[in-house]
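What follows is each chain in one-letter form.
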Amino acid sequence: MSAADKLLDVQHVTVEFHIGGIVGGSLLVAVNDISFSLDEDRPEIFTLAGESGSGKTTLSRLILHDLDPTRGKVLFEGRDLATIKKRSEFKEFMKKVQPVFQNPFETFSPLRKVDAYLFDTALNFGMAPDRRAAAEVVDDALRNVGLSLEEVSNRYPHELSGGQTQRASVARALISQPRLILADEPVSMVDASLRMEIVNLFRELRDKQKVSIIYITHDLATAYYISDRIGIMLRGYIVESGPVDDILDRPFHPYTKLLIESVPEPAPKERESWAKHISLGTTEAKEYGRVGCKFAGRCPQVMDICREADPPDVQVDRRLVKCYLYTEHARQASPGEQK
Amino acid sequence: MALLSVKNLCAYYQFEMYGISRTVRAIDGVSFELYPNEIYGVAGESSCGKTTLIKVISGNIKPPLKINSGSIDYQFGSYNVDMLTVSKEEMRRNVRWKQISYVMQGSMSVLNPVRKIIKTFEDIVDTHEPIKDKKKFLQEATAHVNRLGLPTEVLNSYPHQLSGGMRQRVAIALATVFQPRLILADEPTTALDVVVQRGVLQMLKDIQAMSSNTVLLVTHDMAVHANVANRVMIMYAGRIAEEAPTEIIFNAPLHPYTQHLIRSLPMIGERSNKASLRGTPPNLANPPSGCRFHERCPDVMDICRTEVPEMATVRGQHRVACHLVKESSL
């Protein structure tokens, strides 16, 4: 498939941060050789899941062109984001890629009315020539998320509920009619009874508005509920990616297995297996600095080779998994030991 | 014998400003008991009064929070404490941290960022029981940390050097130095991801099993209650909606709010449509009349709009406040 058929094409991106003083200090690789893409003509929800500190947010900053990669390229509609320099070009790009953030009460300033943001967005992006026309654009966007301008106008963020505010922030993102929405933990601050409201909304946007969504979360249960494909991140790598049913129903990578096992089942009958002891990393810096597979320190199936070099990406059916267990090496080294 | 019995507790936030007074009825007529050797879960949305409940039963009652009526009685073996009359000095010396300790949501704010963990241990222990022998204290602290499965080097680290999960476990270790009878845990794992959450909750469970004390676990995450709690209380808008052993709450809930909460939980391996509740949580400064859930309830009846449903015991430890239940059992 050529690059032109991709909406978003992330090619081998790496981001390195220098931490510590001017002299000395160390290098932290926050995103390490990550590649994935979204198709142009098939809107989908792609989930990036992983623990805190796994590089999810750094990756999202790359896609929003808020940060340039140290190595590699991010292409949007076939164009390298690094070549976007002019203000007008950046604005065009922003129209097509919009973010939704974690905490709806931080998205909107408590001192400004919610609809002011919506009008500003409509006028700044040139979606309407004047305020009256903008009202229509804003109302359309609000109706797409199950609100209306009447409900929101002249209200401050604290006068709306958490669910309503988060829906208003999705509406704000929809005003410029984007092709891609990047939602960074959009439900983790929302109450349980309203969480499904937001998640259902994303599903609807994909099906009706044909918007692709990158859903960043550590909540695997909602990820399973709405997404088509998923990428599991660990310390800067995507360790396993593919269709969500394949990955979450039959995980291959030991880390994915641990993640899924750790999701508490909302049913008391699973208590015993969940209470099985696991080992946790003591410090984050230790795992980032590890040579070879970053999970080697906690992996129950660790082999010698895991501590020596980065595991390669292995294609197994429809998924990619970054683990020595599935390489030729493992099959030759221990035939019969694999279950 | 109950460790804690709370009867008819009403705790309001009362504001008085420029002649306008405003009352937020955060806890309104709550009665329950905690027993030794159990994990008691409290669930509910934000602003339903969970944190106020913890504040009140831990004796952290400062204006504008006031207790309007009700009682809070503790029985620590032969030592009884009435939370409404106990003196500050008595609280500091004998109750706080010795009998009741508190694990908070953001462990970052508990630990002093410019002091090593061992110094924070020292500060806390010294407040309640002056340290005479430093060496012995160090030995005891090390033994305590090791008993909880944490590496010794944790004590000599600064908070920023530890991962989020390790910090939260250190906060739990700090809360358990005196082997308290009751541990109040307010959303101890909400900011953490699933793997770390599992590790932290396992540690909390281990501690509870080791010293057979009581843990009051507050979280809005029902899945956590399913895996950790023995009994669960569901709060809605400052009142108890339902209270029952965990199995019953999940398998046979009676209150429409509980039923909705359980039904809307997403699960891996199942993708049926999950609906959300209509409406928004009520404003506690001006709560709805009658049952506070009636505006959002799918099974609302006329009586719900006017009359507050009484707490009724269905069977054994299962209590529920809903007109529907009374109707059907009569």
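Computed from a predicted model, the values in this text were never measured in an experiment. (Residues numbered from 1 in each chain as written. Chains lettered and ligands numbered in written order. Predicted model: local features only at pLDDT ≥ 70, side-chain atom pairs only at ≥ 80, totals over all residues.)

### Some remarks on the overall build of chain B
Okay, step 1: Scanning chain B from terminus to terminus reveals 11 helices and 12 strands.
Okay, step 2: The C-alpha atoms of chain B give a radius of gyration of 21 Å, which matches the 20 Å a tight globule of 330 residues would have.
Okay, step 3: Seen through its principal axes, chain B has C-alpha atoms that stretch 70 × 55 × 45 Å.
Okay, step 4: Within chain B, the fraction of its 330 residues that count as buried is 46%.
Okay, step 5: Within chain B, contacts between residues at least 6 apart in sequence are counted, and of these 63% link residues at least 24 apart. (Helix = DSSP H or I, 4+ residues; strand = E, 2+ residues; numbered from the N terminus. Rg over C-alpha atoms; globule rule 2.2 N^0.38 Å. Buried ≥ 20, exposed ≤ 12 C-beta atoms within 10 Å, placed from the backbone. Contact = placed C-beta atoms within 7 Å.)

### Brief notes about the confidence of the model for chain A
All names here are of chain A.
Okay, step 1: On average, residues of chain A carry a pLDDT of 85, and 91% of them reach 70 or more.
Okay, step 2: Looking over chain A, one finds the lowest element-wise mean pLDDT in helix H14 (residues 328-333), namely 61, and the highest in strand E10 (residues 237-243), namely 94.
Okay, step 3: Low pLDDT (under 50) marks residues 335-339, which in the prediction has zero contacts with non-local residues, meaning those over four places away or in another chain. (pLDDT = per-residue confidence, 0-100.)

### Notes on the packing of helix H11 (residues 254-262) of chain A against helix H6 (residues 194-211) of chain B
Okay, step 1: The interhelical angle for the contact between H11 of chain A and H6 of chain B, taken along N-to-C directions, is 55°, at an axis separation of 8 Å. By the criterion of interaxial angle, the relationship of H11 of chain A to H6 of chain B is oblique. As H11 of chain A packs across H6 of chain B, the resulting crossing turns out to be left-handed. Residues Leu258, Leu259 and Ser262 of chain A of H11 of chain A form the contact with H6 of chain B, whose own contacting residues are Val194, Val195 and Arg198 of chain B.
Okay, step 2: Its residues assigned to classes, the contact of H11 of chain A with H6 of chain B comprises four nonpolar, one polar and one charged. (Axes fitted to C-alpha atoms, helices over the stretch in contact; angles between N-to-C directions. Parallel < 35°, antiparallel > 145°, perpendicular 65-115°, else oblique. Left-handed = near helix turned anticlockwise from the far one by under 90°. Nonpolar A, V, L, I, M, F, W, Y, C, P; charged D, E, K, R; others polar.)

### Re the interface of chain A and chain B
Okay, step 1: In this assembly, 38 residues from chain A lie in contact with 41 residues from chain B.
Okay, step 2: Sorting the residues of the side of chain A that touches chain B by element identifies helix H8 (192-209), helix H9 (220-226), helix H10 (244-249), H11 and helix H12 (271-274) of chain A as the ones contributing at least two each.
Okay, step 3: By residue class, the composition of the side of chain A that touches chain B is 20 nonpolar, 10 polar and eight charged.

### Structural notes on the nonpolar core
Okay, step 1: Ranked by internal contacts, the top residues of the largest apolar core, which has 178 residues, are Phe202, Ile214, Tyr215 and Ile232 of chain A.
Okay, step 2: Every residue in contact with Phe202 of chain A, bar those within four places of it in the chain, is listed here: Ile45, Ala183, Ile213, Tyr215 and Ile226 of chain A. (Core = buried A, V, L, I, M, F, W, Y, C linked by C-beta atoms within 7 Å.)

### Brief notes about the environment of Arg115 of chain B
Residues and elements named next belong to chain B.
Okay, step 1: Looking at the element boundaries, Arg115 is found in the loop between strand E6 (100-103) and helix H3 (117-128).
Okay, step 2: When the 14 C-beta atoms within 10 Å are taken as the criterion, Arg115 is described as partly exposed.
Okay, step 3: Between the C-alpha atom of Arg115 and that of Met235, which follows or precedes it by 120 residues, the distance is 38 Å.

### A word on the confidence of the model for chain B
All names here are of chain B.
Okay, step 1: Of the residues in chain B, 98% have a pLDDT of 70 or more, and the chain-wide mean is 88.
Okay, step 2: Summarising per-element confidence for chain B, the mean pLDDT is lowest in helix H11 (residues 323-329) (72) and highest in strand E10 (residues 239-245) (95).
Okay, step 3: Overall fold confidence (pTM) sits at 0.83, and the ipTM for the predicted complex is 0.77.

### So, the pairing of strand E7 (residues 182-186) of chain B
Successive side chains on a regular strand alternate, one facing one side of the sheet and the next facing the other.
Residues and elements named next belong to chain B.
Okay, step 1: Of all five residues that make up E7, five are buried, and the element is covered over most of its length.
Okay, step 2: Examined bridge by bridge, E6 and E7 share four bridges and lie parallel to one another. The residue bridging Tyr102 from the neighbouring strand is Leu184, located in E7.
Okay, step 3: The pairing of E7 with strand E8 (residues 214-218) spans five bridges and is classified as parallel. The residue bridging Ile183 from the neighbouring strand is Val215, located in E8. (Pairing = 2+ DSSP bridges.)

### Quick notes on the packing of helix H5 (residues 164-175) of chain B against H6 of chain B
Residues and elements named next belong to chain B.
Okay, step 1: Contact pair H5 / H6: the axes reach a minimum separation of 9 Å and the direction vectors enclose 15°. As judged from the angle between their axes, H5 and H6 are roughly parallel. Our pair here, H5 against H6, has a crossing hand that is right-handed. Facing Gly164, Gly165, Gln168, Arg169 and Ile172 of H5, the residues of H6 in contact are Val196, Gly199, Val200, Met203 and Leu204.
Okay, step 2: Residue composition of the contact of H5 with H6, by class: five nonpolar, four polar and one charged.

### Points about the environment of Val190 of chain A
All names here are of chain A.
Okay, step 1: Residue position: Val190 is located in the loop between strand E7 (180-184) and H8.
Okay, step 2: Since 26 C-beta atoms lie within 10 Å of it, Val190 is described here as buried.
Okay, step 3: Taking the C-alpha atoms as reference, Val190 lies 9.8 Å from Thr165; in sequence the two are 25 residues apart.
Okay, step 4: Contact partners of Val190, with chain neighbours within four places excluded, come to Gly162, Gly163, Gln166, Arg195 and Ile198.

### A closer look at the sheet that holds strand E4 (residues 65-76) of chain B
All names here are of chain B.
Okay, step 1: Sheet architecture is open: four strands sit in the order E2-E1-E4-E5, paired in antiparallel fashion. Only two strands of the sheet have a single neighbouring strand rather than two, namely strand E2 (20-34) and strand E5 (79-82). Adjacent strand axes in the sheet meet at a mean angle of 15° when their direction is disregarded.
Okay, step 2: Relative to E4, strand E1 (residues 4-17) is paired through eight bridges, and the arrangement is antiparallel. Note on E4: the bridge partner recorded for Ser5 is Asp73.

### Overview of helix H4 (residues 114-124) of chain A
All names here are of chain A.
Okay, step 1: When H4 is considered as a whole, its buried residues turn out to be Val114, Asp115, Tyr117, Leu118, Thr121 and Ala122. Take H4 and look down its axis: the buried residues cluster within an arc of 155°, on one side only.
Okay, step 2: In this structure, the buried residues of H4 make contact with helix H5 (131-144), helix H6 (149-152) and helix H7 (162-174).
Okay, step 3: Positive phi appears at Gly126, one or two residues downstream of H4, with a value of about 65°. (Arc of directions from axis to C-beta.)

### A word on unusual backbone geometry
The phi angle of most residues is negative, glycine excepted, and most peptide bonds adopt the trans form.
Okay, step 1: Residue Pro64 of chain B is bonded to the preceding Pro63 of chain B through a cis peptide linkage, with omega at 5°.
Okay, step 2: Here Pro64 of chain B lies in the loop between helix H1 (50-57) and E4.
Okay, step 3: With a phi angle near 45°, His12 of chain A is a residue other than glycine that sits in the positive phi range.
Okay, step 4: C-beta crowding within 10 Å serves as the criterion here: with 12 such atoms nearby, His12 of chain A is assigned to the exposed category.
Okay, step 5: Notably, Arg235 of chain A is not glycine yet its phi reads approximately 45°, a positive angle.
Okay, step 6: Within the fold, Arg235 of chain A resides in the loop between strand E9 (229-234) and E10.
Okay, step 7: The class for Arg235 of chain A is buried, based on 24 C-beta atoms found within 10 Å.

### Quick notes on the sheet that holds strand E8 (residues 212-217) of chain A
Strand pairing in a sheet relies on backbone hydrogen bonds. The paired strands run either parallel or antiparallel.
All names here are of chain A.
Okay, step 1: Read from one edge of the open sheet, eight strands run E6-E7-E8-E3-E9-E10-E12-E11, paired in mixed fashion. The open sheet terminates on both sides in strands that have one partner only, identified here as strand E6 (97-100) and strand E11 (313-316). The sheet shows a mean angle of 20° between the axes of neighbouring strands, direction not considered.
Okay, step 2: As paired elements, strand E3 (residues 45-50) and E9 share five bridges and run parallel to each other. Residue Thr47 lies in a different strand from E9, and its bridge partner there is Ile230.
Okay, step 3: Taken strand by strand, helix H1 (residues 56-63) contacts E3, E6, E7, E8 and E9, and its axis lies near 155° from that of E7.
Okay, step 4: With respect to the sheet, H11 is in contact with E9 and E10, its orientation differing from that of E9 by roughly 100°.

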